[in-house]
Amino acid sequence: MYKRQAFNTDNTTVKHAEQTITAGSIKGSMTIIKSSGGPFKEGSSQSQVSLIYIKKSPEGIDLIADGIQIDSDGDQRFIHGERKAGDITVGGGGKGSQTLIGGTGKYAGITGNCEYTVEYLPDNRIVTQGSCDWQRN
(Lines give C-alpha, C1' and ligand atoms only; values in the text may rest on other atoms or scores of the structure.)
Protein backbone atom coordinates (compact mmCIF):
# COMPACT_ATOMS: atom_id res chain seq x y z
CA MET A 1 0.00 0.00 0.00
CA TYR A 2 1.28 3.50 -0.85
CA LYS A 3 -0.20 6.44 1.05
CA ARG A 4 -0.17 10.23 1.43
CA GLN A 5 -1.08 12.08 4.58
CA ALA A 6 -1.72 15.72 5.50
CA PHE A 7 -1.95 16.97 9.09
CA ASN A 8 -2.36 20.01 11.30
CA THR A 9 -0.52 20.02 14.61
CA ASP A 10 -1.60 21.38 17.99
CA ASN A 11 1.39 21.15 20.30
CA THR A 12 2.79 22.64 23.48
CA THR A 13 6.56 22.96 23.95
CA VAL A 14 8.50 23.46 27.17
CA LYS A 15 12.22 23.85 27.86
CA HIS A 16 13.36 21.27 30.38
CA ALA A 17 17.04 21.38 31.44
CA GLU A 18 19.07 20.90 28.23
CA GLN A 19 16.17 19.56 26.21
CA THR A 20 12.92 20.69 24.64
CA ILE A 21 9.81 18.57 25.16
CA THR A 22 6.79 18.87 22.88
CA ALA A 23 3.48 17.08 23.35
CA GLY A 24 0.20 17.42 21.55
CA SER A 25 -1.81 16.07 18.67
CA ILE A 26 -1.79 15.77 14.92
CA LYS A 27 -5.09 15.60 13.04
CA GLY A 28 -5.67 15.12 9.36
CA SER A 29 -6.25 12.60 6.64
CA MET A 30 -4.61 9.74 4.77
CA THR A 31 -5.33 8.68 1.19
CA ILE A 32 -4.32 5.30 -0.24
CA ILE A 33 -2.62 5.98 -3.58
CA LYS A 34 -1.85 2.38 -4.56
CA SER A 35 -3.04 -0.82 -2.94
CA SER A 36 -2.00 -4.46 -2.87
CA GLY A 37 -5.60 -5.40 -2.07
CA GLY A 38 -7.38 -6.52 1.04
CA PRO A 39 -9.21 -3.88 3.06
CA PHE A 40 -7.01 -1.08 1.67
CA LYS A 41 -9.09 0.26 -1.22
CA GLU A 42 -7.12 2.33 -3.73
CA GLY A 43 -8.28 5.96 -3.66
CA SER A 44 -9.97 5.63 -0.26
CA SER A 45 -9.31 8.12 2.52
CA GLN A 46 -9.31 7.95 6.31
CA SER A 47 -9.22 10.55 9.03
CA GLN A 48 -6.36 10.31 11.52
CA VAL A 49 -5.80 11.54 15.05
CA SER A 50 -2.50 10.88 16.84
CA LEU A 51 -1.03 11.94 20.15
CA ILE A 52 2.67 12.79 19.99
CA TYR A 53 5.58 13.15 22.37
CA ILE A 54 8.85 14.66 21.13
CA LYS A 55 12.07 15.11 23.08
CA LYS A 56 14.81 17.19 21.48
CA SER A 57 18.19 17.16 23.24
CA PRO A 58 21.84 17.63 22.27
CA GLU A 59 21.86 13.89 21.46
CA GLY A 60 19.09 14.27 18.88
CA ILE A 61 15.34 13.86 18.57
CA ASP A 62 13.06 11.11 19.82
CA LEU A 63 9.40 11.06 18.75
CA ILE A 64 6.60 8.70 19.66
CA ALA A 65 3.11 8.96 18.12
CA ASP A 66 0.15 6.68 18.76
CA GLY A 67 -3.05 7.11 16.82
CA ILE A 68 -6.12 5.83 15.03
CA GLN A 69 -7.18 6.05 11.41
CA ILE A 70 -10.94 5.87 10.75
CA ASP A 71 -12.44 5.09 7.33
CA SER A 72 -15.85 6.09 5.95
CA ASP A 73 -17.40 2.86 7.32
CA GLY A 74 -16.25 3.78 10.84
CA ASP A 75 -13.68 0.96 10.96
CA GLN A 76 -10.50 1.90 12.84
CA ARG A 77 -6.84 1.06 12.32
CA PHE A 78 -4.42 1.46 15.24
CA ILE A 79 -0.93 2.84 14.53
CA HIS A 80 2.28 3.44 16.45
CA GLY A 81 5.06 5.63 15.06
CA GLU A 82 8.60 6.40 16.13
CA ARG A 83 11.25 8.67 14.68
CA LYS A 84 14.86 8.92 15.68
CA ALA A 85 15.99 11.33 12.95
CA GLY A 86 14.84 14.59 11.37
CA ASP A 87 13.66 17.74 13.06
CA ILE A 88 10.37 19.13 14.34
CA THR A 89 10.86 22.63 12.97
CA VAL A 90 9.84 24.18 9.65
CA GLY A 91 12.26 22.98 6.99
CA GLY A 92 13.00 19.79 8.90
CA GLY A 93 11.77 16.37 8.01
CA GLY A 94 13.18 12.99 7.25
CA LYS A 95 12.31 9.33 7.36
CA GLY A 96 10.34 7.45 9.96
CA SER A 97 8.55 4.19 10.58
CA GLN A 98 5.08 3.28 11.70
CA THR A 99 3.65 0.00 12.94
CA LEU A 100 0.12 -1.20 12.17
CA ILE A 101 -1.14 -2.88 15.34
CA GLY A 102 -4.65 -4.07 14.53
CA GLY A 103 -8.01 -2.44 14.36
CA THR A 104 -11.75 -2.96 14.21
CA GLY A 105 -14.04 -4.28 11.50
CA LYS A 106 -12.18 -5.00 8.26
CA TYR A 107 -8.85 -4.09 9.94
CA ALA A 108 -9.15 -6.62 12.79
CA GLY A 109 -6.00 -8.76 12.97
CA ILE A 110 -3.98 -6.60 10.58
CA THR A 111 -0.35 -5.93 11.48
CA GLY A 112 2.53 -4.52 9.50
CA ASN A 113 5.21 -1.90 9.04
CA CYS A 114 5.24 1.37 7.14
CA GLU A 115 8.15 3.56 6.08
CA TYR A 116 7.47 7.22 5.37
CA THR A 117 9.08 10.55 4.66
CA VAL A 118 7.79 13.66 6.44
CA GLU A 119 7.99 17.32 5.49
CA TYR A 120 7.18 20.09 7.97
CA LEU A 121 5.43 23.13 6.49
CA PRO A 122 4.61 26.60 7.84
CA ASP A 123 1.51 27.14 9.99
CA ASN A 124 1.85 23.85 11.91
CA ARG A 125 1.19 21.62 8.90
CA ILE A 126 2.83 18.31 8.00
CA VAL A 127 2.72 16.14 4.87
CA THR A 128 3.99 12.57 4.59
CA GLN A 129 4.13 9.86 2.00
CA GLY A 130 5.16 6.27 2.33
CA SER A 131 4.45 2.60 1.87
CA CYS A 132 3.28 -0.23 4.11
CA ASP A 133 3.73 -3.98 4.11
CA TRP A 134 0.93 -5.69 6.00
CA GLN A 135 -0.54 -9.08 6.83
CA ARG A 136 -3.59 -10.40 8.61
CA ASN A 137 -2.88 -12.57 11.66
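Before reading further, recall that the structure is shown in the block above.
The text that follows walks through the structure, step by step, so that each part is easy to find. (Residues numbered from 1 in each chain as written. Predicted model: local features only at pLDDT ≥ 70, side-chain atom pairs only at ≥ 80, totals over all residues. Heavy atoms only, no water.)

As a further point, take the packing of aromatic side chains. One pass over the structure, following the stated rule, counts 2 aromatic pairs. A centroid spacing of 5.8 Å and a plane angle of 40° characterise the contact between Phe-40 and Tyr-107, whose relative ring orientation is tilted. Of this pair, Phe-40 sits in the loop between strand 2 (19-34) and strand 3 (45-57) while Tyr-107 sits in the loop between strand 6 (93-103) and strand 7 (110-121), and the two are 67 residues apart along the sequence. Taking relative accessible area as the criterion, Phe-40 reaches 1% and is therefore assigned buried. On the accessibility criterion, Tyr-107 (1% relative accessible area) is buried. By way of ring pairs, the aromatic residues Phe-40, Tyr-107 and Trp-134 are connected into one cluster. The ring of Tyr-107 has Arg-77 lying over it, and the distance from NZ or CZ to the ring centre is 4.7 Å. (Phe/Tyr/Trp six-rings, centres within 6.5 Å; stacked < 30°, edge-to-face > 60°. Helix = DSSP H or I, 4+ residues; strand = E, 2+ residues; numbered from the N terminus. Buried < 20%, exposed > 50% of the residue type's maximum accessible area, 1.4 Å probe, protein only. Lys NZ or Arg CZ within 6 Å of the ring centre and 35° of its normal.)

Now for the environment of Gln-48. Along the polypeptide, Gln-48 turns up in strand 3. Take Gln-48: its relative accessible area is 3%, and that puts it in the buried class. Each C-alpha atom of the pair Gln-48 and Gln-69 lies 4.3 Å from the other, and the pair is 21 residues apart in sequence. Ignoring sequence-local partners within four residues, the contact set of Gln-48 consists of Gln-5, Phe-7, Ile-26, Lys-27, Gly-28, Ser-29, Ile-68, Gln-69, Ile-79 and Gln-98. One polar contact links Gln-48 to Gln-5, side chain to side chain, over a distance of 2.7 Å. Here the side chain of Gln-48 touches Gln-69 through a polar contact of 2.7 Å, side chain to side chain. (Contact = heavy atoms within 4.5 Å. Polar contact = N/O pair within 3.5 Å; in protein donor to acceptor, adjacent residues only side chain to side chain.)

Note: strand 2 against strand 3, 12 bridges, orientation antiparallel. Residue pairing for strand 3: Ala-23 is matched across the bridge by Tyr-53. Judged from the 11 bridges that link them, strand 3 and strand 4 (residues 60-70) form a sheet pairing that is antiparallel. Residue Ile-52 lies in a different strand from strand 4, and its bridge partner there is Ala-65. Hairpin connection between strand 3 and strand 4: a loop of 2 residues separates the two successive antiparallel strands. (Pairing = 2+ DSSP bridges.)

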